[in-house]
Amino acid sequence: MNVYDGMRIAAMLEHHGFEQTENVSDADIILLNTCSVRAKATDKVYSALGRIRRAKKPNAIYGIVGCVARESGADAFRKIRDLNFVLGPQSYHKLPEILNDPNTKLLDINLGGLEKFDELPPITKSPHVAYIPIQEGCNHCCTYCIVPYTRGPEISRPYNDILAEIMHSATVGAIEICLLGQNVNGYKYTDEHGKTYRLSDIIRDVAKIDSVKRIRFTSSYPTEMTDDLIDLFRTEPKLLPFLNMPIQSGSEHILQRMNRPYDLTGYMDIINKFRTARPDIQISSDFIVGFPGEQDDDFEQTINIAKNVRFINSYSFKYSPRPHTAAALMPDQIPENIKSERLIKLDSVLNEIQREFNLSCIDKTFQCLYEGVDKTGTHHIYRTPYMQPCIVSTEQPKTLANIKITSANKSCLHGKIID
Ligand code: SF4
């Protein structure tokens with residue numbers, strides 16, 4: 001979501017005559033697009049602002065947008081007095097107001113719904129992957145999560161607006177469409193004729209666009225997986241065989257405390273339905289370790305579910321108390337050293353599963369999407385349908401290529417272009 005927001009902000013500033021620079025000391029306007037989902041990310045914002053303040057031109061304006069802006073509000077001006085703007089994730093389209101009057105302080109952290117989508121100029125070029133938000137906010141209220149506070153309640157964008165943005169992205173070069181939402185499979189929009197659209201309707205219509213070759217979506221809530229969505233994995237070949245469905249914990253006791261109302265049997269039933277619909281599907285997950293009250297036995301159940309499902313490309317984090325959340329007030333917080341030990345243990349399990357999956361890809365051929373050159377500038381990087389990076393040596397990279405995997409390790413694949 002933040003990548004998308006960043007692209008829209010860049011397009012908006014270009015529309016006002018700005019161009020991008022890599023050097024803070026050259027810039028006339030500097031903004032940090034911020035994430036507050038973990039405390040560490042929030043802390044980094046203020047140290048980065050201090051560095052920017054020292055490096056920037058005296059008359060350059062600077063500020064923050066996104067979730068830390070929403071969380072901090074006017075406090076951000078108290079922490080850094082000469083900050084020029086603080087704009088929440090649904091207000092960043094108001095940034096041009098500060099360009100008209102750089103001497104004011106611009107503060108807007110309102111949850112303005114979908115207004116920003118109408119106000120922003122369209123992007124003029126697209127990388128091969130276009131991220132398209134279809135809904136924002138979340139109604140689930142997991143007890144650890146700040147998102148309902150920073151992004152507000154769920155709002156689904158009008159169906160036709162989404163399709164128009166996707167058509168535009170395809171026209172300017174997108175090959176892969178990644179549909180986004182905090183609760184993307186909760187998408188539900190009823191138009192003026194009373195017709196209701198779901199995520200599966202969007203996917204079906206996107207698949208009709210010839211130049212779009214790959215479709216995916218993130219992030220999904222387990223209990224909102226509808227049968228029509230699952231069935232699309234059987235019938236729609238453009239839908240990638242890869243799905244992120246966060247479980248967070250393998251302990252039902254901890255899931256209850258997280259206010260995630262599913263049990264492991266129900267979660268596994270959904271996975272089995274996906275595997276029946278699409279036998280080559282792989283599932284990714286998110287995990288939180290060290291949630292308040294998590295005992296050794298709860299943690300072992302998380303390890304067990306990771307091993308049983310064999311999640312790939314997963315994200316694991318230490319629980320981090322966030323303001324405005326119920327879990328931050330729970331008395332049985334877990335000491336930092338135990339959280340760290342558990343994270344190391346879980347990561348080693350997830351890494352080993354990833355390594356085994358990557359090795360199982362050797363000698364297989366996948367249609368992969370070009371991403372760019374590696375840091376050395378000598379190799380080209382593609383993404384497989386499972387989002388693994390695949391490194392290829394070639395003089396002539398194609399946008400979409402069938403690549404035979406020749407070797408693998410835990411973090412990437414190597415391959416050669418077949419055609
Ligand atoms: S479903 Fe996701 S975004 Fe919504 S409250 Fe839970 S963790 Fe946060």
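Residues numbered from 1 in each chain as written. Predicted model: local features only at pLDDT ≥ 70, side-chain atom pairs only at ≥ 80, totals over all residues.

With that out of the way, let us pick up the overall build of the chain. Each helix and strand in the chain was counted, giving 14 helices and 20 strands. The C-alpha radius of gyration computed for the chain amounts to 22 Å, which stays within 12% of the reference 22 Å derived for 419 residues, consistent with globular compactness. The principal-axis extent of the C-alpha atoms belonging to the chain is close to 60 × 55 × 55 Å. Within the chain, the fraction of its 419 residues that count as buried is 37%. A separation of at least 24 residues holds for 68% of the contacts in the chain among residues at least 6 apart in sequence. (Helix = DSSP H or I, 4+ residues; strand = E, 2+ residues; numbered from the N terminus. Rg over C-alpha atoms; globule rule 2.2 N^0.38 Å. Buried ≥ 20, exposed ≤ 12 C-beta atoms within 10 Å, placed from the backbone. Contact = placed C-beta atoms within 7 Å.)

Domain assignment breaks the chain into domain 1 (2-108), domain 2 (115-360) and domain 3 (365-417). The distance between the C-alpha centroids of domain 1 and domain 3 comes to 35 Å. (Domains from an automatic or database assignment.)

Let us now look at the site of the ligand. Looking at the ligand, the residues that line it are Cys138, His140, Cys141, Cys142, Cys145, Val147, Pro148, Gln182, Asn183 and Tyr221. Of the residues contributing to the shell around the ligand, the split by class is 7 nonpolar, 3 polar and no charged. (Near = placed C-beta within 6 Å. Nonpolar A, V, L, I, M, F, W, Y, C, P; charged D, E, K, R; others polar.)

Let us look at the sheet that holds strand 11 (residues 214-218). Strand order in this open sheet of 3 strands is 5-8-11, and the pairing throughout is parallel. The open sheet is flanked by strand 5 (129-133) and strand 11, the only strands paired with a single partner. On average, each strand axis in the sheet is inclined to that of its neighbour by 20 degrees, with strand direction left out of account. Bridging between strand 5 and strand 8 (residues 176-180) involves 5 bridges; their strand directions are parallel. Counterpart to Ile132 in the pairing with strand 8 is Leu179. Across the sheet, helix 8 (residues 159-171) touches strand 5 and strand 8, and the angle it forms with strand 5 is around 165 degrees. (Pairing = 2+ DSSP bridges. Axes fitted to C-alpha atoms, helices over the stretch in contact; angles between N-to-C directions.)

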